[in-house]
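Commentary on secondary and tertiary structure
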Amino acid sequence: MTDDRSSSSQGAGDVSAGDIRASHADRDEVVEILRDAAADGRLTAEELDDRLALALNARTFGELALLTRDLPVAPLPAPAPVPRAEPVRPGKDVVEINQRFGTLRRIGPWEVPRRLDIRMHGGDVKLDFTQAVISHATLDLDVYLSIGGDLIMVVRPGIVVATHELAVGVGDLKVRVPKPGWNEPVELRVNVSGRVRGGDVVVRYPRRTLGQWMRGESAL
């Protein structure tokens, strides 16, 4: 559910995110990522030199993304399930995540804080609220995604997503949930702010019909 029910493109026309021209700041960011990867032992000195040269001469987001694609970071684990017989403990007030490469996922019975700040460099973010443990009425979600990363939010009925304060630089904002009923109770309001520089933002239900969801049936 969301109170932003229109999909919009931010003036990119028919140009894909990977074909958008890179800026000096984009190149500098990838250079920093490559140097850190070499310091961690992921790249040899020769590989670092080759990739730095390519990064400094890259023209598009796609060319920059290729230089960091094979530098994985394991996704952060979800918290352990909360036993049904015990009361749910309140979630943290503020959680800050700063990650490079890979995909950041929050799935299963993860605890939703009051505020979640995400800085992702070179990867995607997926937040699945379908089994989330909700202890607060609102979540202030501030995100910054660079180098063509996507933000995907999977919600359930009773969760409202507001994206008025989110800037989508090149990609699309795709809201794929039905209009809520006037008397439908709101369990959680997610206020999204920040910037997604080159990817898409998607808000959707799980991969099953709304009727299946209301009957508690599993997705196919």
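We now turn to the structure provided with this report. (Residues numbered from 1 in each chain as written. Predicted model: local features only at pLDDT ≥ 70, side-chain atom pairs only at ≥ 80, totals over all residues. Heavy atoms only, no water.)

Here helix α2 (residues 45–57) spans 19 Å end to end across 13 residues, near enough to the 18 Å set by a 1.5 Å rise per residue. Three or more residues of α2 are buried, namely Leu48, Arg51, Leu52 and Ala55. Buried residues of α2, seen end-on, are gathered within an arc of 110 degrees and therefore sit on one face of the element. Turned more than 90 degrees from where α2 packs its buried face, Glu46, Asp50, Leu54 and Asn57 sit exposed. Where α2 is buried, its residues meet α1 (24–39) and α3 (61–66). (Helix = DSSP H or I, 4+ residues; strand = E, 2+ residues; numbered from the N terminus. Expected span 1.5 Å × (residues − 1). Buried < 20%, exposed > 50% of the residue type's maximum accessible area, 1.4 Å probe, protein only. Arc of directions from axis to C-beta. Contact = heavy atoms within 4.5 Å.)

Counting 33 residues, the largest nonpolar core has Phe129, Leu141 and Met153 as the members making the most contacts within it. Put simply, the parts of the chain that give this core at least two residues each are β5 (115–121), β6 (124–128), β8 (138–146), β9 (151–154), β10 (159–168), β11 (172–176), β12 (188–196) and β13 (201–204). Each residue touching Leu141, except ones within four places of it in the same chain, is listed here: Leu116, Ile118, Leu127, Met153, Val190, Asn191, Val192 and Ser193. Counting 14 residues, the second-largest nonpolar core is a separate cluster that includes Leu34, Leu43, Leu52 and Ala58. (Core = buried A, V, L, I, M, F, W, Y, C linked by side-chain atoms within 4.5 Å.)

Below, the discussion takes up the packing of aromatic side chains. With the rule as written, the count across this model stands at 1 aromatic pair. Here the aromatic rings of Trp110 and Phe129 are separated by 5.3 Å at their centres, their planes lie at 50 degrees, and the arrangement is tilted. Here Trp110, found in the loop between β3 (103–106) and β4 (111–112), pairs with Phe129, found in the loop between β6 and β7 (133–134); they are 19 residues apart in sequence, far enough to count as distant. What makes Trp110 buried here is its relative accessible area of 2%. We classify Phe129 as buried; its relative accessible area is 0%. (Phe/Tyr/Trp six-rings, centres within 6.5 Å; stacked < 30°, edge-to-face > 60°.)

Take the pattern of salt bridges next. Tallying each qualifying case throughout the model produces 6 salt bridges. Taking the shortest distance from any N to any O, the salt bridge between Arg115 and Asp117 comes out at 2.9 Å. The shortest N-O distance in the salt bridge between Arg156 and Glu187 comes to 2.7 Å. Taken together, the positions of Arg156 in the loop between β9 and β10 and Glu187 in the loop between β11 and β12 put the pair 31 residues apart, joining distant regions of the chain. Owing to a relative accessible area of 11%, Arg156 belongs among the buried residues under this scheme. (Salt bridge = Lys/Arg side-chain N within 4 Å of Asp/Glu carboxyl O.)

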